[in-house]
Structure formats: structure tokens, C-alpha cells
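Here are the chains, one letter per residue:
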Amino acid sequence: MTESTVNGNDENEHEKETVSDKDLPLSFMQDRHLGPIEGVECITQTWRMKERMKTVSVALVLCLNVGVDPPDVLKTQPCARLECWIDPLTLSAPKSIQKIGENLQAQYERWQPRARYKQSLDPTSEEVKKLCTSLRRNAKEERVLFHYNGHGVPKPTENGEIWVFNRTYTQYIPLSIYDLQTWMGAPSIYVYDCSNAGIIIESFEHFAIQHEREYEQATTQTRQTAVVAPLPSYKSCIQLAACGAKEVLPMNPDLPADLFTSCLTTPIKVALRWFVLQSTSKLVPKVTLDLIDKIPGLITDRRTMLGELNWIFTAITDTIAWNTLQRDLFQKLFRQDLLVASLFRNFLLAERILKSCDCTPVSSPLLPPTSQHPMWNAWDLALDLSLGQLPGIINKNEPFRNLPFFEEQLTAFQVWLELGCEERSPPEQLPIVLQVLLSQVHRMRALELLGRFLDLGPWAVNLALSVGIFPYVLKLLQSSAKELRPLLVFIWAKILAVDNTCQGDLVRDNGHKYFLSVLQDTSLSSEYRTQSAFVLASIVNNFHDGQEAALKGSLVSICLEQLNDPSSQLRQWVAICLGKLWDHYENARWTGVRDIAHEKLYSLLNDPCPEVRAAAVYALGTFINSVTERSEHANNIDHAIVMTLVKRVSNDMSHLVRKELVNALQWVVIAFEHVFLTLAMKETLSNLQEVVASPGLKRTGSRDRLRTSEDGMDKMKRVSSSSSINNMGHMKSSLSHTGSLGTLPGLGYGSIYMKIWDALCMLESDPHPEVESMCKTITKHIAAKVKESREFADNRCASLPPSPNRGNYLSGESPPTLHPAADIPKYTRTLGSRGRKIHPNIINEETDVKMKQRKPLVGTKFIEWACKRFAQSKKKGAMMDVESAVFYEKDWRYTRNNNIRKEALEETSRIQSAKLESQVFNTRTSLPPSVLQFHPFDQQIAVAGKDHFGIWDWGTGAKTTVCHNKSAKFSSSRITALEWINAHDVAMLMVASDDGSVKVWKPNTGHSREPTLISAWQALTEMKWRHSGTLLSWEQYTQTAIATGDSRVIRFWDAERELFAFDILTGSDCPITSIDSSFSGVSHENYSKAYLEREKDDEGISIDGEEDIKSYRYGMVVAGYQDGSIRVYDRRCSPTEARVGVFMEHSGAVLGVHLLGNTFYSGSADGSVKVYDIRNHTVVHSTQAIQNTMSCFALHRGTATYAW
């Protein structure tokens, strides 16, 4: 037959473009299917300092003795004389040292203006002791700085001594470092500006060890008598020394005498002077040392030359340190204390300059050498460009032109982002990017590049946090610039996805208000509002202050306004945000009640996106769990929520949603645990009574008596604490105190609690093992409590006197009640809670009772998994790279499929009738095969026997996959249908069993032959017969799974949305034995695109008033029945009018049907094969293929070829 004949349309040539494999969607290929539902594994680095310090006191000790040179130092002539940029010989000795002290204090105040400064000029040892002990006492646990200038005293000794003076300045007095340690305590920082300064650091370490030994001895001696104060951590003290243990300070007359101090306190001035003295300064003519002193501007004003140079210097030294030091050392020295950070930045410059003067500054902790770091070249270039402008600025009053340093560094960072990868070393420009955030000119570009870097993954976020991004982006939240909103929201989403500990900082600085404004700003795209919702959800996550602040910011109403947004991601995250907001926070719950938030969330339970439905169930679950004071009003609301969840979510196609349902139901079980204990105990007694009363009859359990009227609540099983009949007498006696079930409020048959328990028991047999396991954990918890209560009651009854009229109550007669009805709640609570505080609300729900926070019985990783999206790179979800191996493999596969189709059509045209005489594959299976399914393109065949299936490569004979498709309902089930899905690409196998379940398995390509379970759901709930089991028809083009068989309905499942679509009543009293549909399998190539569009746009067809016709609602379905009848259904019609044709042509069961356009084929057990025209409702061809009974019948979906 030609295509136009099959389709029943006379199409023009240009309309004959058929649907190709590239037009087909892929099913069950979302992240929720292919990976585990768990959070991202982030190795959170210690970017946040455990304790931040600040240097609060500074001791400036100057031993200059102006006019008198120390005896052990031979000075050159001319010699360096400047101390703190003052020539002491130009003033009298007392005035000069006083002026030097004032200048030194001013230089330090530039870096730490709030510290307490004390000067000690040419002091004695007693004065130093008094100064140090006073500063330590006032500083308490904070850091104290000790600056020592020993230019006027002898060098430090090998015994660990520095020099001071006597009162008359006639002698040099040694001062032991051991004593200095004792006076200064810890934490402290020492700066030694003197010759042989390195020897002080060596002695310091020895004395620190000596202190520890003496402390241990003192502790041992006084352990029994007194409490010893803790020893200061001398080893953690920071020290900076101007030179090594055997080095003398430089004496270059063009440089200051206190070159080390000048580098630490006035780095830009020293750097400029030193740069001019270098040979490279000849490239900048007309710049002298005198001209340098006239550089205009302020250090604090970044718009001036001096300010910008200081800004660049800070960025460069930060960059050198971050790229050189270990992360923990960088945090300690450059992020813990502002003054320490400034000193160590300047120390890097001191190392570079002093090394050029044959001195090597020493530090403790020891830093690696940095004087040759390539970033110093960028610093030299900045100085060169600045000094080139200096003559014009001073002489001609020209304006200062900003340097291109930051712009060039951003370009270098951008190049790394475009060409770099995770395996490469981190970009060295990252600290510079943070400095650029201070500039309004380059801030937008810097934020954009920073966002791109953070998008590389959690490792990038940790790097950025370690370098110090946090205070910068936190401060930027105070900006009112709207153009920064998308960038800041994106950056904060990345940060909180990796490290949620920032929530306290955001609330303290009112940062949550920024994201509240973004979330309610509909002018922004849904992507940024989604990120804002995620940030707010992170702020309120298990953080009461965050919940309280967000509630005051009207987060509930803002989220409710976004529930119907077109973006599924935004709908998902506003639901999660609401769930996090009122989790264990009752004020938010009642705010939600006033806004009927729970009812508005109901609309999301039928959302097309499974993640949104799961988020809505999660939010409703935490809504239930948020109650701390149980009342009738709260119970009524929670009952309505639970019944809505049970009714609308129990049979959801996505196991992700069903797991959240179980997670939500557990809170009801926990809150009303005693009610469920009573139910389970009564159930156990009822089952035992029935077994004894009717030992010869089939047992009719309470699952039949207690069947509810809700949809999908047709089967249940009860938890029994014991199946032994011998224990029945004890059970009756122990339960006699509870009275009849009807005496307890809300415990009658069909009650809310009974329906909840029924739903849990039904989910115990869920096809997905994770859902099943979660439910069994809850029911086993109740069973264990029942057993515990029964044993307690048995022991109690054993201690009571025997009843005079015990009688025989096993026949169903009720025993006499020992207590009046008013005492029933009391004894029920006694049985249900051994040794625990009683919750009277379990029976009397009108009582307000404070509920304690209980630990969950089960849990899911859905929220953590949803957060993983923000931690991972957006590039991973981008379009496939056309140059990638994956793309080439897919393209090859599509080409191969087309070649196979052409080859099949050629073979079909050559052969009208033939017998199969050659065998290409033969194997033996452990179980008799019952279902076979060939892969349409690969050399694979799926074979099922009972509840096992396997996949063979029929080309090589190898068994590639083996699986036990175990049923959770029946101990023995059988597989009744197999379907290949995504067969045109990487195929999966859909397996249906006679218990009504359908599972999707993905064969593994590695060494393991065990497939991976992708999805599982209960496709059919009411199986009326035990004949055909569950039959499937899979449509790749519409992503629809059609399930029927031993049921009175044909059920359509939307695999794209993982939702129940609709039912069509079969209208027959016998099971369906075969089924086919318009787009079954991958037979889409039989249809042209023009034909499919006409199918969608067919006028005059009514589909329940729907304006937008879903893909699963167009096309035909043909079903063959056991009685030989065939029925044709049009999905475009309403379910009640969908049956458009009935054919009664066969006398035996229909073994197979095949629909091709407006024509379909059928084969029956009576041996006949017929061809029908749906339009004319006639049989166009009939043949008796076999005279005897036909046992099987198969049709090729791509051609009109059949076999039996």
C-alpha cells in the first residue's frame, strides 16, 4: 500500500515530508530519571574564619638614641638617615625622636585608625614591661602589636636578647625575649626593625617551647591543689623581621634608614622611590625623587594617582599571596585581621625591595619567596604609566588618566574563562576581580565574569569564597542599581547552593529584602525570580530568624502570587520556599491559612511538571508538620490537606511525587500516633477473630470491609503484630479496655484516619522499591508500637485477679468492659504510650496540646537534589555541541535507522509470501518464554518468562541483560507486555506485569548485566480478570503509554508530564487481548508532517472543551477482545463518545491488531486474518491463514507484513 492510501489523504509532493527520528522526543531522559535523587557533594572549605580578630593595641618602642651610633655597627658615609621620613639630625635629639614617634604612629593609624597606640621612646626595661602588661590587660583576648626599632642600640644577641637603655642613657640594658613573651602574652604580632633581626625569631621559638615545658611542670605540681590558668599560644604569634640572623640593614642614602618600617607603613612612597632609583626608570625621563614627593591625591581617594596606585598595589599583593600561600595560611594572614593583612601585603613589597639590597626579610609563619612573582611586572607597568603622566600633571596641570590595569586583568580573566577548564590551575586574577567590584566603572563586567566563574561548579564557588568574595557581594546588596539585580541574584544563588551558612549574614544585613523585591518584580525574567526564590528558601531553611524576617517581608503572599507563573522552575521553587518558610514555624502556617495558601497549592498537584508536583506535596507536608498546638481548627485543615493528597497524588506516575507523599503522610501518623496504634490493634484482633470464626472458609480481611469510596483506594493490607492464634486470648484481654471501635472519636470505618492508613497500606505495594520501603518503615513503626503496647497490657492483665465469668469470646461475642466508657481514652493512651507523656489530643481532638518536635521516620533527598541545579554549571544543560562525540553518535544512529527502514521496504516489496527457513539465533532460557519483543533497529531481543526478563544480542548470542521484575503485590506475578521506548536512540525497556504495574528499565552498557530502574508506577488499579494481565502500547511520537488488559478501561498515561491523561471505558465484559494505536512504537515514518498537523487542527472535534489539544489526545486506538470483537476508539472525542466502531468478525480471541492510518489488521485464534477500513466500517480483505487454531499472531509495525 502507498502512503496516501494508508493515510487516506491525497497529498501533494511537497506535503510528503515524513516525520524523522530527529522529530521524535526522548522519554524518561530527565535528570530525575538518569541520576540518583541526592544533593551535590560539596567540599566546603574553611573560607569563613572561625574567629575574626583585630589588633586593638599597638606598642611603638623606639630605641634610637639620636646622635649616638651603636658600638657594633659601622656605618658608611654617606649613610641612610631618614627615620619615618624625618632626618633626625635636622632637629634636636629630644624633638627629633618625639617627631619620629608621632610620624610612626600616624603611619600605623593609616592602616588601623581605631587601635590604641602607646609610644615608648628610648625606654628602660621597666618601662617596656609596664607598657606591655598594660596593653595586654586592656586588649584581653584581642591582638597586640609590638613594634621595635633598634637602630640606636646593639644588635640582638644569640641568647635571645634585645637592647634598651638605663635611666641615665649611659648603658645598654639587655631585654630577654622570654620576658617580652610573658608580658605580651598572646595573640600578638611583633615587628623587628634592626640588624640581625632574624635571630630574634629563632630565639622566640625556643622560648615558646620553654614556656610550654614550664607550664606542663607547673600543671603537674599543682594539679591536685589549684586550677592553673591556660598557657598563651606563643607559637601562634606573628613576627616580621627586617633581615636574616646574620644580615645588616641596608644603608643606601637614597632610601630611608628604617626601610623595613617604611615598606610596612608607607608602601606606595617607598615603591615609587625605589622604582625611580632602578635602571629601568630611565624610560621615564624628567622624574626625580623630589618630584615623587609632589604626587597629588590621597591614598584613600581611588580617583587620584596616589589612590589608584594604592588600589592596584592592594590587588596585586592580594593576588600574589593567594596564588602562593596555602588556603588556610592565606585566610589567617590576609583575611582574619585588617592590620595584619595590610602588614603582610606590604611585607611582600619589603621582601622585593630589601632583597635588592642584599637583605632577606623573615616572617613567622614563614612565607615562600615572592619577589620574582610575575605579577610584579604588572606593578612596574602601572608605576611606569603613572610616572609618565607625573610631569604633565605637576607642571602643566593636566588631568590624571586612569590606568588600564583593571580592564586588562578582567580581559585576562575572561580569556581564562573561555579557554580554561577545571583541570587547569585557578585563574590568578580572581582576587583582582574582587577589587574591581569596588569600581562603578567596571563593576558590571566584573560581576558578569564572576558569575561565569561561579557557574563552573562548587569548586569555583569555594575558591571565590576563600579569596574573600563574601563581604563584597554582601555589601553590593545595598545597591539600588536595577541593572545589577540579575547578576547579584545569580551569584548569591551559586553561593548558597554550595554553602548555606551565609543565611545569618543576609538576615543581619537585611539582605533578604533585596531578594524579596526581586521575587515580586515581574519585569524580571522568571529565571532570575527562580534564583531569588531559591535564595529565600535557603535563608529560611532551618533558620528561625530567617523565617521570622521573611514572614515580616510578606514572603507568603509574594510566593502565592507566583504559583501560576508559566515557568515550571519558578513554580517549583516558590512552593519549596513556602514549605521551608512554615517548616516548624507556626506563625507562617497561620499566615498561610489566612491566605488559603494550602488550597492554592492544590492547583500544583496536577502540574505538568513532576518536580512542581513534588514541591507542592513537600510544602503541604511541612504545612502539616508546622503545628505546635493541636486544635480542632488545625486538625480540620490538616485532615482536608491529607485527604486531598491521598486522592490526587497516590496514583501519580512519578515516583518522585509519591515519595514526597509518603514523606508528608508520616507527619499525620506521628502527630496522631495513638489513633493509628488503636487502628492497628483493632485490625489485628479483627483478623484473628475471622480466622477462628471461619477456619474452613476463605479469609475476608479488613482490606475488603474497609475499602473506601475514594479513587485508587481499592486494596490495602493491615499491619499485624502477630499471626499466632495462640496469642489471641491475650490480645482480646489487652484490648478489652479500649471498648468498641465506634466509641473512639474519628475511628469508625471510612473515617479519615482509616483512609490514611488504607493509603499507606496501598503504597506498601508500590511498584517502585523506594516508595515501598518508605511505607513499610512507617507501618513497621506502628507495628512495633502495637507489639510493645500489647506486651505491656499482657503483663498488666496477668497481674489482675481472674474474671469469674470469663466465658468463650472467640466466637465473636464481646467481652464485658471492665471500665466505663469515660475511662476508655485513658486506657487507650496507657496502652499506646508506655513511659511517655500523654497527648490527650489523640482521642479528644478539641483539646489544645503542645506538640513536641518529633524525629521523622523517613526522609527524601528531593530538596537537596533540587538545590543541586544551582550548584552545577548551566553549560551542562545547554544545547548539545555539534562537534561532540555524543552528537556524532546520535547522528550516526539516525542514519542507520533510515537505512534499515529502506532495506526493510525493499525486502517487503520483493517478497509476497515466504517461509522462514534459516535460523540466525538460538538460545535456551531458564523459564518458558511468554513475551518476546524485537528491538526495531539494534540486534536485540527482549524475552520475558514469569517475572523475569532478559535481553539477548541475537547477532552474537550474548545475554546482555537479566532482571527479576519482582512484584510488590503478589508473591508470584508474570510479565505480560514488553515495549522498547526511545528505540530510535538509546533504548529502554518498558515492562508490564499482571499486577497492573509498569516499570521502565535502562540496560547497563558496562560489565553489569543488571539494568537500572528508571521509573515505576501502577498503570492499572482494578484488574477484573486474570487473563491478559497488563497490555501496553507505547507511542514515541506522542510520549503516551496506553495500558489496558484485564480491566474495563483503556488508560492513557502522559510520559512527558508523568501524569494520568484520561480513561476510555471499553464497553465490554471481557478482557482485551491485543491493542494498537496510531503512533505505536517508532512507526512515525508512515505519517507526513502535514497529516499530523491536520490531525491536530481537525475542526469539529470536541475534546471536553479543551482549547489546547494535548498530543496524547489525537490518533486512534484499536483493541481486540477475548470474545473476538474489535473496537475502534477516537481519542479526540470525549471518553464517553470515543468508541467510533465495533467489529464482530472473529469467532475466537483476537491475538493481534495493527493500526496503519485509516486501515487496521487483525488476527484471531480461529485462524483468520482480516483488513478493515475504519472510514467505511467495512472489511476490505479477509483470509483464512490457518485452518487449525492459531496460537500467536505478529504484525510488523512499519509494513503490512504479518506472521503466525
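Source: prediction; values computed, not measured.

## Description of the overall build of the chain
Phase 1: Helices and strands together make up the secondary structure of the chain, namely 39 helices and 32 strands.
Phase 2: In the chain, which comprises 1204 residues, the share counted as buried stands at 56%.
Phase 3: Here the analysis covers contacts within the chain between residues at least 6 apart in sequence; of these, 68% occur between residues at least 24 apart.
Phase 4: Carbon and sulfur atoms form 50% of the exposed surface of the chain, whose accessible area is close to 53,500 Å².

## Let's talk about the packing of helix α16 (residues 443-454) against helix α18 (residues 469-476)
Helix packing for two helices is described by the angle between their axes and how far apart those axes are.
Phase 1: Interhelical geometry of α16 versus α18 gives an angle of 125° and a closest axis separation of 13 Å. Considered as vectors, α16 and α18 are oriented oblique to each other. Crossing of α16 against α18: the hand is left-handed. Across from Arg443, Leu447, Leu450 and Leu454 in α16, the residues of α18 making contact are Ile469, Val473 and Leu476.

## Some points on the pairing of strand β2 (residues 116-121)
It is a general feature of regular strands that their side chains alternate between the two faces of the sheet.
Phase 1: The sheet contact formed by strand β1 (residues 55-62) and β2 spans 6 bridges and is parallel. Bridge pairing in β2 links valine 61 to serine 120.
Phase 2: Following the backbone out of β1, through helix α3 (residues 93-109) and into the adjacent parallel β2, one traces a crossover that is right-handed.

## As for the packing of aromatic side chains
Phase 1: Within the structure shown, the criterion is met by 38 aromatic pairs.
Phase 2: When the ring of phenylalanine 405 is compared with that of phenylalanine 406, the centres are 5.0 Å apart and the planes differ by 80°; the resulting orientation is edge-to-face.
Phase 3: Aromatic ring contacts, followed pair by pair, group Phe28, Trp1017, Trp1034, Trp1053 and Phe1060 into a single cluster.
Phase 4: For arginine 302, the ring lying beneath its charged end belongs to tryptophan 311, and the centroid distance is 5.1 Å.
Phase 5: Here the basic side chain of arginine 1127 rests over the ring of tyrosine 1121, its NZ or CZ set 4.8 Å away from the ring centre.

## Let's talk about the UniProt feature "repeat: WD" (unreviewed entry) in the chain
Phase 1: With numbering matched to this structure, UniProt assigns "repeat: WD" (unreviewed entry) to residues 1143-1182.
Phase 2: Within residues 1143-1182, the helical portion is 0% and the strand portion 62%, while the C-alpha atoms at the span's ends are 13 Å from each other.

## A few points about the pattern of salt bridges
Phase 1: Tallying each qualifying case throughout the model produces 39 salt bridges.
Phase 2: Note that arginine 896 and aspartate 938 form a salt bridge whose closest N and O atoms lie 2.5 Å from each other. Pair noted here: arginine 896 is in helix α38 (residues 885-910) and aspartate 938 is in the loop between β11 (931-934) and β12 (940-945), with a separation of 42 residues, a long-range link.
Phase 3: When the shortest N-O distance is used, the salt bridge between lysine 1024 and glutamate 1022 registers 3.6 Å.
Phase 4: Given a relative accessible area of 44%, lysine 1024 falls into the partly exposed group.
Phase 5: Glutamate 1022 sits in the partly exposed class, given a relative accessible area of 43%.

## A few points about the sheet that holds strand β20 (residues 1040-1045)
Phase 1: Ordered by their spatial adjacency, 4 strands build an open sheet running β19-β20-β21-β22, and the pairing between neighbours is antiparallel. Sheet topology places β19 (1030-1035) and β22 (1059-1065) at the edges, where each strand pairs with a single neighbour. Between one strand axis and the next, the sheet turns through 20° on average, direction left out of account.
Phase 2: Sheet topology note: the β19/β20 ladder contains 6 bridges and is antiparallel. Paired with serine 1033 across the bridge in β20 is isoleucine 1042.

## Considerations on the nonpolar core
Phase 1: Counting 258 residues, the largest nonpolar core has Phe453 and Trp492 as its most contacted members.
Phase 2: Ignoring sequence-local partners within four residues, the contact set of phenylalanine 453 consists of Phe413, Trp416, Leu417, Pro427, Leu430, Trp459, Ala460, Leu463 and Ala464.
Phase 3: Judged by nonpolar contacts, the second largest core, of 19 residues, contains Ala992, Ile1014, Ala1041 and Ala1043.

## Thoughts on helix α30 (residues 655-671)
Phase 1: With 17 residues, α30 extends 25 Å between its outermost C-alpha atoms, agreeing within 8% with the 24 Å of an ideal straight helix rising 1.5 Å per residue.
Phase 2: Counting buried positions along α30 gives 17 out of 17 residues, so the element sits mostly inside the fold.
Phase 3: Sitting at the amino-terminal end of α30 is serine 654, which places a side-chain oxygen 3.2 Å from the backbone nitrogen of leucine 656.

## Here's the deal with the side chain of serine 96
Phase 1: One can find serine 96 in helix α3.
Phase 2: With a relative accessible area of 0%, serine 96 lands in the buried category.
Phase 3: Look past the residues within four positions of serine 96 in its chain and what remains in contact with it is Val66, Pro88 and Leu91.

## Focus: the confidence of the model for the chain
Phase 1: With 82% of its residues at a pLDDT of 70 or more, the chain has an overall mean of 82.
Phase 2: With pLDDT under 50 throughout, residues 694-745 is counted as low confidence; its partners more than four residues away or in other chains account for 122 contacts.
Phase 3: Low pLDDT, under 50, characterises residues 1096-1109; the predicted model gives this stretch 17 contacts beyond four residues in sequence or across chains.

## Describing the environment of alanine 197
Phase 1: By the element assignment, alanine 197 lies in the loop between β6 (188-193) and α6 (198-222).
Phase 2: Residue alanine 197 is classed as buried on the basis of its relative accessible area, which comes to 0%.
Phase 3: When the C-alpha atoms of alanine 197 and leucine 240 are compared, they prove to be 8.8 Å apart, with 43 residues separating the residues in sequence.

## A few points about α16
Phase 1: Between its first and last C-alpha atoms α16 spans 16 Å; for 12 residues at 1.5 Å apiece the expected length is 16 Å, and the two agree.
Phase 2: Inspection of α16 places Arg443, Ala446, Leu447, Leu449, Leu450, Gly451, Phe453 and Leu454 among the buried residues, and these make up the whole buried set.
Phase 3: Residues of α16 that are buried in the fold lie against α14 (405-419), α15 (430-436), α17 (458-467), α18 and α19 (485-498).

## Regarding the sheet that holds strand β17 (residues 997-1002)
Phase 1: Taken in spatial order, the 4 strands make up an open sheet running β15-β16-β17-β18, and their pairing is antiparallel. Two strands in the sheet have a free side with no partner beyond their single neighbour: β15 (975-981) and β18 (1012-1018). Across the sheet, the mean angle separating the axes of adjacent strands is 20° when strand polarity is ignored.
Phase 2: Two elements, strand β16 (residues 988-993) and β17, share 4 bridges in a ladder whose sense is antiparallel. Note on β17: the bridge partner recorded for methionine 990 is valine 1000.

## What about unusual backbone geometry?
Phase 1: Here alanine 186 and proline 187 are connected by a cis peptide whose omega angle stands at 0°.
Phase 2: Turning to its location among the elements, proline 187 is positioned in the loop between α5 (177-184) and β6.
Phase 3: A positive phi is found at tyrosine 169, a non-glycine position, where the angle reads about 55°.
Phase 4: Within the secondary structure, tyrosine 169 is located in the loop between β4 (161-165) and β5 (172-176).
Phase 5: Phi angles above zero are rare outside glycine, and asparagine 510 is one such case at about 60°.
Phase 6: Examined against the element boundaries, asparagine 510 turns out to sit in the loop between α20 (503-508) and α21 (511-519).
Phase 7: In this structure asparagine 510 comes out as partly exposed when scored by relative accessible area, which is 41%.

The rules behind these values
Residues numbered from 1 in each chain as written. Predicted model: local features only at pLDDT ≥ 70, side-chain atom pairs only at ≥ 80, totals over all residues. Heavy atoms only, no water. Helix = DSSP H or I, 4+ residues; strand = E, 2+ residues; numbered from the N terminus. Buried < 20%, exposed > 50% of the residue type's maximum accessible area, 1.4 Å probe, protein only. Contact = heavy atoms within 4.5 Å. Areas by Shrake-Rupley, 256 points an atom, 1.4 Å probe, with all protein chains shown as cover. Axes fitted to C-alpha atoms, helices over the stretch in contact; angles between N-to-C directions. Parallel < 35°, antiparallel > 145°, perpendicular 65-115°, else oblique. Left-handed = near helix turned anticlockwise from the far one by under 90°. Pairing = 2+ DSSP bridges. Right-handed = clockwise from strand over helix to strand, strands pointing away. Phe/Tyr/Trp six-rings, centres within 6.5 Å; stacked < 30°, edge-to-face > 60°. Lys NZ or Arg CZ within 6 Å of the ring centre and 35° of its normal. UniProt positions renumbered as here; feature names shortened; annotations may be inferred. Salt bridge = Lys/Arg side-chain N within 4 Å of Asp/Glu carboxyl O. Core = buried A, V, L, I, M, F, W, Y, C linked by side-chain atoms within 4.5 Å. Expected span 1.5 Å × (residues − 1). Polar contact = N/O pair within 3.5 Å; in protein donor to acceptor, adjacent residues only side chain to side chain. pLDDT = per-residue confidence, 0-100.

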